[in-house]
Structures are given as structure tokens and as C-alpha cells.
There are 2 protein chains.
Amino acid sequence: MSKDEPETTDSAGAPEARAGRRPTIYDIAQRVGLNPSTVSRALNKPGRTNAATEEKIRAAAAELGYRANPMARALPTGFSGTYAIVLPDITNPVHFELIRGAEQVARANGFTLIISETEGSAEIERETIETLQPSVDGLLVVASRLDDAELAALATVKPIVGANHSTPSLPSVAPDLPMGLVAALDHLDDLGHRSVAYLGLGGAQINRSRWDLTLDLADARGIAVVEIAVDAPTVEGGADALRRVRASGVTAVLAYNDLVAHGLLRAARSAGLSLPEAFSVIGFDDIFSAELAVPALTTLRSPLREIGTRAMETLIDPEHNRAPSKVVLPLELIVRESTAAPTR
Amino acid sequence: MSKDEPETTDSAGAPEARAGRRPTIYDIAQRVGLNPSTVSRALNKPGRTNAATEEKIRAAAAELGYRANPMARALPTGFSGTYAIVLPDITNPVHFELIRGAEQVARANGFTLIISETEGSAEIERETIETLQPSVDGLLVVASRLDDAELAALATVKPIVGANHSTPSLPSVAPDLPMGLVAALDHLDDLGHRSVAYLGLGGAQINRSRWDLTLDLADARGIAVVEIAVDAPTVEGGADALRRVRASGVTAVLAYNDLVAHGLLRAARSAGLSLPEAFSVIGFDDIFSAELAVPALTTLRSPLREIGTRAMETLIDPEHNRAPSKVVLPLELIVRESTAAPTR
DNA sequence: CTGTTAGCGCGTTCAT
DNA sequence: ATGAACGCGCTAACAG
């Protein structure tokens, strides 16, 4: 367009807002009669260029509606300005608040968030991480199914922070399991329960530590405890477990999460059982529907939102990545109506 | 292991899996003694290269653990293999099934999904879309706060598909509102309700059409109807509306969504009201907790998952983008316990 | 303070 | 069938 006179410039000032193609630094450089690199500098390193021309450049950029192309920027710099969060199951309400916390911190810092689901499969998780790595500046891995060594190997390429579960060789943000379980067991102990079941999810790494801990704590209080495995950490999984719970003869149940607890509640109600008289139930997470249930769910409230924000903060912050930081957040017992003294 | 070539190369065959840097087509080109462009061709246009060398290249790529850099690929092609979904509120359970549907289709087709929240603000939405545009091949906009004209203008840069709400000049996938509302009003009419309230969200585009439709349908049945605005489409918003609902004297309420309905239920219970005797409630969406509530929620079930999959499919499919397609999915009334004949 | 020159990793003409 | 050269949009040396 500008077959320009050195001095005049604007003459044939046609509004070149063509549909589709977006303006580049070349367009604005040509418009103000400067070099593209100068434009780049003016836009990115404020102060390192003449105040007057910087203003001219900014004005032109604004007029043209210029927006930097993150992809093009990522090539030379190696930084894409995007982070990824990879988790087993998007529909699990537990992840809602966590994702939101992470997204909020990312956006507040001008970063974009990629979200990816692994369906609880270790292979998909590995594949996903490797595929995403070149496009992101770091990954937030929630409830990973990969073992520590593999995670550590993957983290040599791009920083990885574990969220909602502890990762020995990587920075992580997780709830204080001992604190929560102690509160739960004490509560049950105080009510007089002598026999409880832990409704766990076989296979998940995070499940093992919970079960081991529960075993120790119950033992220390002289409470008998059995593990009952659910097929999936869902409402259906919990409902399917009712039969085994009743067969076990326990007076109280610790559920893997609130979804499982919900399922158990629903199945019990369908079977004509009255809770908490038939047995007590303690959930995990305190998802928004926990207090909506009948009976309202006694549960361990996990600070999911904060787990998300803290995890994203340590991912973004280069400092925290150096020394594998371990952030542990309080896990609080919320007592509602699903727990009571045993009737037998 | 090719330490084969007498003349060139490998001698100091050190395993170059250096931590950090990922192999490029140059690495594999050099490894097999070919030109990078040949490698590119072999990997992307199967058949357009010698079968033998193609195999050699593939083998080398596998050994090195090569993965194409999406960013670098996006520059020359203009396609990033990434799509974005932008929505007002991540924590709304409604959006999760939708996101999951979209994510599933995206991943099944080898695409990555970016997720971004707008907090229900039109400005943030515009800003978000413009920022994301250069990095994506298209956008899925859920419950947009932008008007049709602006959306259409934005869509000239990169394809946009509307989800869960109708967008006149853009392709969209949305539930069949008339179908659902007719069922809801008929249900209420049959039960004998003569006066209902619509608990709507002021400001949202999608809200207007619902209200207008409700007005028409109620009118046609000789049912009096009032609109009560909630501050936010959340449990809290619904709870706060209880006072106005009672003041209005209606015998039934149509809630903007299940969250609002949940809030109303909870507030009513706290106030010692018995539902559905005091008044009937119909929700919208049928989120998983709807049947957990007490009384279990009668609600309009929205095919959220399918909205997500269909929307992503039309976004991906270049055909559907040409002629602004309108996909309308059935909205079914699920009758549970929160509706009954009026007691006054 | 600004212009020149080189790439980042890849796809895509062109030649060969 | 393969190689050489160029460009995508931008940043980063290095000159001037």
C-alpha cells in the first residue's frame, strides 16, 4: 500500500482492516515508517525506545487492532504463555473448583490454560503430557496415575507440579491427609463406632496412602477397619457398593469422595434404609451438593480452590520450582447429618 | 542401530537424549543422512516418498522420541490444531458435561482444547476471544454475552460456533427451548397452577428468549406469570430469591437453572417451608445432583454432553461452517418430587 | 536510540 | 524421489 514518500506517509490512508488476516508488527512498522524490530522493542521493552516514537507505535498498534501472535513469539523465546492442566476426569465436581482456581491465577497473570482429560489412564496421561509439552511452559498434573520416577523424567522437559496428591520428587500442593483422617476417626471414635469400612478406589496412587493412614489410625483407636473397593469414583460406584457395605456389618463408612458417598446414600434410600441409623457415612471433598443431600453429608472439606491457585502459583513462579516445594493445606471435617452414634 | 555408513557421520555416536531440548526434524534428518524437508514429507505425506527411506525416517523418529512442535507447525500452515472453548463460569456444573463432550471430540480428532472463563462479562469475553484467536483454529462460545453483530464480526477471523444458546448469524447448537417450556407449562397447567414465577438472570441474552417464550406460553394457557431476577445463576442467587418468591404469591416457579433451584430448595427448607406444598419448583439442565436433592428436582433435562460434542463437531467440520447450521436438541421434562398440585 | 541480520521449527514451493 | 531456498511472525543478537 504505501509506495510512500519518505515524509508524508498517510496520503492514501485506506483502512486496511481486511477480514481475516490480522495485522503484524510489519504492518505497523510500515505504517509509522520504522523497522519491525523497533516496533517489537517498543511494545515489549517499555523505556528502551524513544518516548515519542514509542507513543506513535502504540497508537498505530491500537488503531490497527494489533495483537501479538503467541505462536510466533513462542518460537524464538521458547515460552508460549500457556500452561496445561491434565486430570483424570473433568466431570468430577472435585476438579471444578481446582480448575477454576488454576484458571483464575493463570488468566490474572496473562497466561492461557489448556485442559486435558486422561480418563484415568496412565498411558493417555503420558501421551497427553508428551504431546502438550512443546506447546506449554509447564503442566499441572492432578491425581496422577504415573509413578514418581516417570513424572520426574517428564519434568526434565517442562516443569510439572502435582495437585491434590503428593509427588515425592516434584513440587506439589495437596491436602493434609493425616489432619483430616485424624479428625474423621476421632469423630467416629467419639460417637462410639468400633467397626468401619473404607470405600476406596483400587489402583489410584492417592488411594494407597489414604488406606494405609486409615489403617494406622483405626488401629491406634482399637477400631476394626476393612477396605471395600469401588469400581469407579462415581455416584454409580458408590451405589454399587451398598451390598458389600451391609454385608460387612460395619457401623460407619469412610467414602473415597463425596460422589461415592452420594451414591451410597441414594442406594440406601432406595433400599428403604434410614441413614445415619443404619450406618454413618463420611465423605471427602465437600462438593457443593454435599449439603444438599439427605441426610446432609458429613465430609472432609478439601480446599480445592486454593489447591488450584497455589499449584498454579508455584508452577508459574520459577523460584518454587527449584526446590521441590511441598504445600500442604488443611483438611477440615464438616459435621452434618450423615454421622451419628451407632445403633448396634 | 545404524553405525553403517562407512564415510560419514556417526563415529561419536553419543545418545543425544539431552534433558530438556527435544529433537527436531533436523536431528532426525542428520541421523539418517537426509534433508529436513524430506523428513517433513515422509512424516506428513505418507506415500509421497520412497517406502524404504520413509521407514528409516519413521524408525529414527521413534528412536529419538520425536514429536512435532505444534507452534512451529502453526506458523507456516496457519493451523494450530487447537480449539478454544470460552464460557462465563467454569464452576457451573452445567458447563462441565458440555466441556467434556467438546474435549472428547477434540481429543478424538487429535486437537487440543483451550479453556477460558469470562466471568459473565462481555468485555472479558471480547478480550478473551481476540487474544485467543491467533492461537486457535476456532472458538466454541458458550452462553455468549456478546450480541450477534459483534460475534459475527469476530467470526470473520476464526470460525465461531455458539453452544447452548442460539446465535442468528453463526452456527450453533442449542436445546429446543419451545419443546421444553411447553412441556413444563403443560405440566404445571395439568397440576392446576394458575400463577407462576420465572426466576431469570437479567442481562443474559439467552434469558430473554426464555422469558419471552414463557410469557407467551403461560398467556396461551391463561396462567399468570411474573419474572423475578436473580443476581447470579448460582445456589446463592436462588437462595436469595426466596423472599421475593414468597412475596409474589405464586404457586410454582421456573428456575433459570438447577443451581438456582437448589438454592431455592435449600433456603425454603431452612425457613421451615415444606416443598412442594408451599410451592412447586422446576429446574433447568438436570445436573447430577438434581435427583439427590430433597425433594428431588423436577427439571428440564438439557443434553449438555451432546451439545458439547455436536458443537465441536460442527466447529471442526469445514462444511458446517459454511452454511450457518442450527442444531436443535430435545429438551425433556424429568418429573420428580418438586412439583405437585397447588395447595391454595 | 534505531536498523540489520539471524534464526526458532516446520511446511512448501521450486529445482534437480 | 530428494534437496535447496524461502517464509510464517517475532525476538535477539549485533551493528550503526
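This is a predicted model, so every value here is computed, not measured.

Caption draft 1: Region of the structure containing the packing of aromatic side chains. Per the stated rule, a full pass over the model turns up five aromatic pairs over all chains. Taken together, a centroid distance of 5.0 Å and an interplanar angle of 85 degrees make the contact between A:Tyr83 and A:Phe111 edge-to-face. In this pair, A:Tyr83 is assigned in strand 1 (residues 82-87) and A:Phe111 in the loop between helix 5 (93-108) and strand 2 (112-117), connecting sequence segments 28 residues apart. Taken together, a centroid distance of 5.9 Å and an interplanar angle of 20 degrees make the contact between A:Tyr198 and A:Trp211 stacked. Within this pair, whereas A:Tyr198 is found in strand 6 (residues 195-201), its partner A:Trp211 is found in helix 9 (residues 205-220), the two being separated by 13 residues in sequence. Residue classification places A:Tyr198 among the buried residues on the basis of a relative accessible area of 2%. For the cation-ring pair, A:Arg210 lies above A:Tyr256, with the distance from its terminal atom to the ring centre recorded as 4.7 Å. When the ring centre of B:Phe284 is taken as origin, the NZ or CZ atom of B:Arg210, which lies over that ring, is 3.8 Å away.

Caption draft 2: Spotlight on the interface of chain B and chain A. On the chain A side, the residues contacting the 51 residues of chain B number 51 residues. Around 4,600 Å² of area is buried between chain B and chain A when both sides are counted, 60% of it from carbon and sulfur atoms. It is B:Met71, B:Phe96 and B:Leu292 that lose the most area in chain B upon contact with chain A, and together they represent 14% of the buried surface on that side. Where chain B packs against chain A, one counts 24 residue pairs in polar contact (both at pLDDT 80 or more). For the side of chain B that touches chain A, the elements supplying multiple residues, two or more each, are helix 4 (70-77), helix 5 (93-108), strand 2 (112-117), helix 6 (122-132) and helix 12 (258-270) of chain B. For the side of chain B that touches chain A, the element with the highest residue contribution is helix 5 of chain B, accounting for seven residues. Taken together, the residues of the side of chain B that touches chain A break down into 25 nonpolar, 12 polar and 14 charged. In this sheet, strand 2 of chain B lies alongside strand 2 of chain A in antiparallel orientation, the contact comprising two bridges. Directly across from A:Leu113, in strand 2 of chain B, lies its bridge partner B:Ile115.

Rules used in this analysis
Residues numbered from 1 in each chain as written. Chains lettered and ligands numbered in written order. Predicted model: local features only at pLDDT ≥ 70, side-chain atom pairs only at ≥ 80, totals over all residues. Heavy atoms only, no water. Phe/Tyr/Trp six-rings, centres within 6.5 Å; stacked < 30°, edge-to-face > 60°. Helix = DSSP H or I, 4+ residues; strand = E, 2+ residues; numbered from the N terminus. Buried < 20%, exposed > 50% of the residue type's maximum accessible area, 1.4 Å probe, protein only. Lys NZ or Arg CZ within 6 Å of the ring centre and 35° of its normal. Contact = heavy atoms within 4.5 Å. Buried area = accessible area lost by both parts, 1.4 Å probe. Polar contact = N/O pair within 3.5 Å; in protein donor to acceptor, adjacent residues only side chain to side chain. Nonpolar A, V, L, I, M, F, W, Y, C, P; charged D, E, K, R; others polar. Pairing = 2+ DSSP bridges.

These values are about where atoms sit, not about what they do.
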